[in-house]
Amino acid sequence: MSPTAAARPVRRNPLDALPYIALAVYAALTFILIPRHELWRDEAADWLYTRWGPSLAAVLHDLGWQMDPGGWHTALYLIARVFPSPLAMQVFHSLLAIAGVFLLVRYGPFSRLEKCLYPFGYFVFFEYNIMARNYVPILFGLCLAATLYPQRFRRPWLYMLPLALMTQTHMYGGLFAGTLALLYVAELAAARRARWREYAAYVAPLAALGLVSLVSLYQMIPFAEVRNMLSGGGEIDYFQTARGILLRLVAPVVRPQFYFWPANTVSPEHSTLLALLFLAGLLYLVHPKPVPLAYFLLAGGAITYLLVFRGSNTRFIGMLWLLLIFTLWLGSYYAVPARWAHTRWMTLYPRVRGVVFPVVLLLQALGTPTAFWMDFHYPFSGGRETAQFLNAQLKGTNVLIGTVLSYATQSIQPYLRPDLPPLYCLEQERPYQGLICDAKWYENDKKVPPVEALRRLLRRYDAGSFDQVLLVTLVPLQAPGIRVLGPFPQDQRVLCGDESFFVHVLDVPALRPVLDRAGPGGS
């Protein structure tokens, strides 16, 4: 090569900028929707739990109610000490999602079209971006692990960092990290190094990951009360469950209705055939190389088992989608076996994959516009509007706000002024601070009769010294000494449909005679 040719700058294709434009649009739409997104119950519970935690040690100790590792809650605890608004949690969460998408756009072995479509799939845009929960570190961790994968043996400590991050966030993150660690050990064993000392550089990083995994497993051990609540269960229709998982995985169709979680709209007589076709298409995407295929089957089998036997919520089904993307990325680092390289099968594979994968990405994006529209225009419940009303009406902080059905009313508390005390959970007669009460939501759903709820609230009032007493319920109460301030939201347009909150102001001296006349069993 001549010096002139060597010095000639490489000409870039202007179309290479399209994935970065898609990333910018993804980020822009994210920050447009975040301020409009009202926290759902599980988002609110995590935020309240870490915000009201007296110390980080107490927060980590009480994880037995949630059965999650402590990484996500540690991050929220630190964020809440600096920024008391739940918007800080949402921004932090979305920044992790954007970072994961950036890694895929920058380093992923995908075509320009695939990189442009990937950010707008339902799971990547909504479930693991707008919904602020402890699943986005898995998305980010997998993308980081895939980026570092070629250096896994040269820089083992660096490679173990994203695995440790996933282990400390959720059970599914631990599953990904554990299967990747098994693959790592298997490849080390297959290398057949001459001396055992050649393995010494990998022992310490693997041991460190194992220690983090043990800590995570310990933190996920549920308390006895939680084990008792989770011990029940009915029979499972495994075929219907597996079919539903496949359909929601490949085509998460979102209906423009209240509670718009993806629900498949295909008729039952056609759903089985479609599910089998989708499964065949997914397997075809990863089949040519033994190592990625083996990893996909191992991790996918474990995830599918958990989905069928432990619950197939949409956010969990998305783990199979993350696995597919990661496996395709992983496959770019392995060569096709020589005995397959020149077969007709392998000759057709790039063309078929170039059609199948974009189609799957388009199916993924089916639900995103509806999810964006519904979340932008309709609040999840009346929680934020109720909190805004209370913030304006309550001039002091020495107030007692009781709640009935506290699992529902937890969507109010994140938006209350930071100087206001936590809501008082009348089902358990204790301040509502997130996970501790939330883990007993089965008990909370057993509504306390109105008279008993009022008696419990007055007992709390008598035990302290409050300037004002309020009660928040899902239905209005009418009695002397109770004044209803109004339903929230006032226009009744909420995603949950039935979660319009009624705020009552109690006149304690006028209410006591009414409760006395009601008698012990009054309702």
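Within any chain, residue numbers begin from 1 and follow the written order of that chain's sequence. Confidence filtering applies because this is a predicted model: local features only for residues at pLDDT of at least 70, side-chain atom pairs given and counted only at 80 or more, and all residues used for totals across whole chains, interfaces and linings. Calculated side-chain values reflect all of the structure's heavy atoms, with hydrogen atoms and water omitted.

**So, empty space enclosed by the protein**
Turning to step 1, where the next piece is worked out: Grid points spaced at 1 Å and placed over the protein atoms alone form the basis of the search, with a cavity being a set where a 1.4 Å probe fits but cannot get out and a pocket an open set showing protein on both sides within 12 Å along at least five of seven lines. Lining residues have an atom within 4 Å of a point. Grid points are joined across faces, edges and corners, and a volume is the space filled by probe spheres set on the points. Tallied over the entire structure, the rule returns 2 cavities of 30 Å³ or more.
Turning to step 2, where the next piece is worked out: For the largest cavity, the calculated volume is near 70 Å³.
Turning to step 3, where the next piece is worked out: Where the lining of the largest cavity is concerned, the elements lending two or more residues are α9 (136-148) and α17 (314-331).
Turning to step 4, where the next piece is worked out: Helical segments are the DSSP runs of H or I of at least four residues, strand segments are the runs of E of at least two, and each set is numbered from the N terminus. Take the lining of the largest cavity: its biggest share by element is 4 residues, from α17.
Turning to step 5, where the next piece is worked out: Here the lining of the largest cavity is built from residues that sort into 9 nonpolar, no polar and no charged.
Turning to step 6, where the next piece is worked out: In this structure, the second largest cavity encloses a volume near 40 Å³.
Turning to step 7, where the next piece is worked out: As for the second largest cavity, its lining consists of Leu104, Phe110, Glu114, Lys115, Tyr118, Ile325 and Phe357.
Turning to step 8, where the next piece is worked out: Residue composition of the lining of the second largest cavity, grouped by class: 5 nonpolar, no polar and 2 charged. The classification used treats Ala, Val, Leu, Ile, Met, Phe, Trp, Tyr, Cys and Pro as nonpolar, Asp, Glu, Lys and Arg as charged, and all other residues, Gly among them, as polar.

**Focus: the environment of arginine 36**
Turning to step 1, where the next piece is worked out: Inspection of the secondary structure puts arginine 36 in the loop between α2 (18-33) and α3 (41-52).
Turning to step 2, where the next piece is worked out: As for arginine 36 and proline 379, which are separated by 343 residues in sequence, their C-alpha atoms are 7.7 Å apart.
Turning to step 3, where the next piece is worked out: Dropping the residues within four chain positions of it, arginine 36 is found in contact with Asp375, Phe376, His377 and Arg384.
Turning to step 4, where the next piece is worked out: In this structure the side chain of arginine 36 is engaged in a polar contact, spanning 2.8 Å, whose partner is the backbone oxygen of phenylalanine 376. The criterion used for residue contact is that any of the two residues' heavy atoms lie within 4.5 Å. The definition of a polar contact used here is a pair of N or O atoms within 3.5 Å, where within protein one atom must be able to donate a hydrogen and the other to accept one, and adjacent residues in sequence count solely through side-chain atom pairs.

**Here's the deal with the confidence of the model for the protein chain**
Turning to step 1, where the next piece is worked out: pLDDT gives the predictor's per-residue confidence on a scale running from 0 to 100. Across the protein chain, the average pLDDT comes to 80, with 78% of residues at or above 70.
Turning to step 2, where the next piece is worked out: Across residues 262-271, confidence stays below pLDDT 50; counting only partners more than four residues off in sequence or on other chains, it has 17 contacts.
Turning to step 3, where the next piece is worked out: Taken as a whole, residues 441-445 scores under 50 in pLDDT and shows 12 contacts with residues more than four places along the chain or in a different chain.

**What about the environment of phenylalanine 123?**
Turning to step 1, where the next piece is worked out: Structurally, the position occupied by phenylalanine 123 is in helix α8 (residues 122-130).
Turning to step 2, where the next piece is worked out: For the pair phenylalanine 123 and glutamine 364, spaced 241 residues apart in sequence, the C-alpha separation works out to 7.6 Å.

**Structural notes on the packing of helix α6 (residues 86-107) against α9**
Turning to step 1, where the next piece is worked out: Note on geometry: axes are lines fitted to C-alpha atoms, helical ones only across the stretch in contact, with angles between N-to-C directions running from 0 to 180 degrees. Running from amino to carboxyl end, α6 crosses α9 at an angle of 25 degrees, the nearest separation of the two axes being 8 Å. One way to sum up the angle between α6 and α9 is to call them roughly parallel. Of the two possible hands of crossing, α6 and α9 adopt the one that is left-handed. In this structure, α6 uses His93, Leu96, Ala97, Ala99, Gly100, Val101, Leu103 and Tyr107 to contact α9, whose residues at the interface are Val136, Pro137, Leu139, Phe140, Cys143, Leu144 and Thr147.
Turning to step 2, where the next piece is worked out: Each residue belonging to the contact of α6 with α9 can be placed in one class, and the counts come to 12 nonpolar, 3 polar and no charged. An angle counts as roughly parallel when it lies under 35 degrees, as roughly antiparallel when it exceeds 145, as roughly perpendicular when it falls between 65 and 115, and as oblique in every other case. Crossing chirality is assigned from the near helix's rotation relative to the far helix, an anticlockwise turn below a right angle marking it left-handed and a clockwise turn marking it right-handed.

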